[in-house]
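Coordinates in review
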Amino acid sequence: MEHWNSTLESGFILIGILNDSLSPELLCATVTVLYMLALTSNCLLLLAITTDARLHVPMYLLLGQLSLMDLLFTSVVTPKAFMDFLLSENTISFVGCALQMFLALTLGGAEDLLLAFMAYDRYVAICHPLNYMVLMRPRVCWLMVATSWILASLSAIVYTVYTMHYPFCKAHEISHLLCEIPPLLKLACADTSIYELTVYVMGVTFLIPPLVAILASYTLILLTVLHMPSNEGRQKALVTCSSHLTVVGMFYGAATFMYVLPSSLHSPKQDNIVSVFYTIVTPALNPLIYSLRNKEVMGALRRILGRYMLWTHS
């Protein structure tokens, strides 16, 4: 109890990748550029999906939710890391650490489920186009969105409460970019082996079924696309699906490394690099991957820009 009270009062010290780099100034500048790119591209994509009536369809509703999750995810981590580096102040309070963990787990879990629902959306659109507006009617889409957020937040609050109940009696230095379960458990002065096994099993349980659903959906999509008579339709389907699969590969690769591979197989430095990838790099790249190869989104952005130019000259 004394150790727990000490942690509650003093908090933790985050030793992220910016503080543990050979050229921190260059890395900080890179992170700042990526964060600004993530903010700008995700906000523009959300603006296009919200304001353009042509994009008020299930695919873009789900894509808008993905952009919102990416925007929030990177904002939970990056500004704190940036300010810590500038002010040479790396502390985070016990409550702040718990909140950051809860938000990161919620947003990561919600994105995990949402990507599976997006794969189902593409499966219905390509394999059952005549039933698309019935199977993906607005009520179903919003149910998918709500399911992603609710299940992820319930899971996150259980993980956060249980992780933070441990007494932390070692040096309160977290060798990580943010407060996450694996690096925090290394500071606990109690036996966490059973909980670590539980986290591993639940991580596999939470990640693998959506991934299997995604792979099954795209296998069926590929079989359908190969039998399409129209070359243009085949090309459009492949472009849309390749964008989604690129995002899926980046997200699940990083998540598998952090939560499925045993901790003995990765070091704090590797964890830091992977955490930068899924909290900063991926949110910056996702909207570019989806929008640059998508004629509907690019058209909506051009219309928004055109209206803005007219407004400024009027």
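Residues numbered from 1 in each chain as written. Predicted model: local features only at pLDDT ≥ 70, side-chain atom pairs only at ≥ 80, totals over all residues. Heavy atoms only, no water.

Concerning the overall build of the chain
Quick note on the threshold: Under the scheme used here, helices are H or I runs from DSSP no shorter than 4 residues and strands are E runs no shorter than 2 residues, and both carry numbers assigned from the N terminus. In this setup the radius of gyration rests on C-alpha atoms only. A globule is expected at 2.2 Å times the number of residues raised to 0.38. Exposure is judged per residue with a 1.4 Å probe applied to protein chains only, and the accessible area is read against the type maximum: over 50% gives exposed, under 20% gives buried, and values in between give partly exposed.
When helices and strands are tallied, the chain shows eleven helices and three strands. Whereas a compact globule of 314 residues would reach a radius of gyration of roughly 20 Å, the chain reaches 21 Å, a difference of no more than 12%. Based on the C-alpha atoms only, the size of the chain along its principal axes is roughly 70 × 50 × 35 Å. When each of the 314 residues of the chain is scored for burial, the buried share is 46%.

A word on the environment of Leu61
Rules: Contacts are residue-level and defined by heavy atoms, with any inter-residue pair within 4.5 Å sufficient.
Secondary-structure assignment places Leu61 in helix α3 (residues 58-87). Not counting the four nearest positions on each side in its chain, Leu61 is found in contact with Cys141 and Trp142.

Looking at the sheet that holds strand β1 (residues 12-14)
The criterion, for reference: At least two bridges found by DSSP between two strands is the condition for calling them paired.
Taken together, the three strands give an open sheet; going across it, the order is β2-β1-β3, and neighbouring strands pair in mixed fashion. Lying at the two open borders of the sheet, with one neighbouring strand each, are β2 (91-92) and β3 (173-174). Here two bridges tie β1 to β3, and the two strands are oriented parallel to one another. From the neighbouring strand, Ile13 faces β3, where its bridge partner is Glu173.

What about the packing of α3 against helix α4 (residues 94-127)?
Our working definition: Note on definitions: angles span 0 to 180 degrees between N-to-C directions of axes, and those axes are lines fitted to C-alpha atoms, for helices only across the stretch in contact. In this scheme, roughly parallel covers angles under 35 degrees and roughly antiparallel covers those over 145, while 65 to 115 is roughly perpendicular and the rest are oblique. In this scheme, a crossing is called left-handed if the near helix is turned counterclockwise away from the far one by less than a right angle; it is called right-handed if the turn is clockwise. Throughout, the ten residues Ala, Val, Leu, Ile, Met, Phe, Trp, Tyr, Cys and Pro are labelled nonpolar, Asp, Glu, Lys and Arg are labelled charged, and all others, Gly among them, are labelled polar.
At their nearest, the axes of α3 and α4 sit 10 Å apart, and the two run at 160° to each other. Classified by the angle between their axes, α3 and α4 sit roughly antiparallel to one another. Crossing angle aside, the handedness with which α3 passes α4 is left-handed. Looking at the contact of α3 with α4 residue by residue, the classes come out as 18 nonpolar, three polar and five charged.

Re the nonpolar core
Applicable threshold: In this text, buried Ala, Val, Leu, Ile, Met, Phe, Trp, Tyr and Cys residues form a nonpolar core when linked through side-chain atoms within 4.5 Å.
Among the nonpolar cores identified, the biggest contains 89 residues, and Phe12, Leu115, Ile181 and Leu184 are the most heavily contacted of them. The element contributing the most residues to this core is α4, with 16 residues.

Remarks on helix α8 (residues 193-226)
Let me state the cut-off plainly: In a helix, the anticipated span is given by 1.5 Å times the number of residues less one.
In this model, α8 (34 residues) spans 48 Å end to end at C-alpha, consistent with the 50 Å of a helix rising 1.5 Å per residue. When α8 is considered as a whole, its buried residues turn out to be Tyr195, Val199, Gly203, Leu207, Pro210, Ile214, Ser217, Tyr218, Ile221 and Val225.

Description of the pattern of salt bridges
Pairing of side chains with opposite charge becomes possible as their charged atoms draw close. To be explicit about the condition: One speaks of a salt bridge when a side-chain nitrogen belonging to Lys or Arg is within 4 Å of a carboxyl oxygen belonging to Asp or Glu.
Taken as a whole and assessed by the stated rule, the structure comprises four salt bridges. With a closest N to O distance of 2.9 Å, Asp52 and Arg303 form a salt bridge. You can see Asp52 sitting in the loop between α2 (24-51) and α3 and its partner Arg303 sitting in helix α11 (residues 295-313), a full 251 residues away along the chain. Given a relative accessible area of 4%, Asp52 falls into the buried group. Taken together, the shared-partner salt bridges in this structure form one network comprising Asp52, Arg54 and Arg303.

Scope: geometric values only; no functional claims are made or implied.
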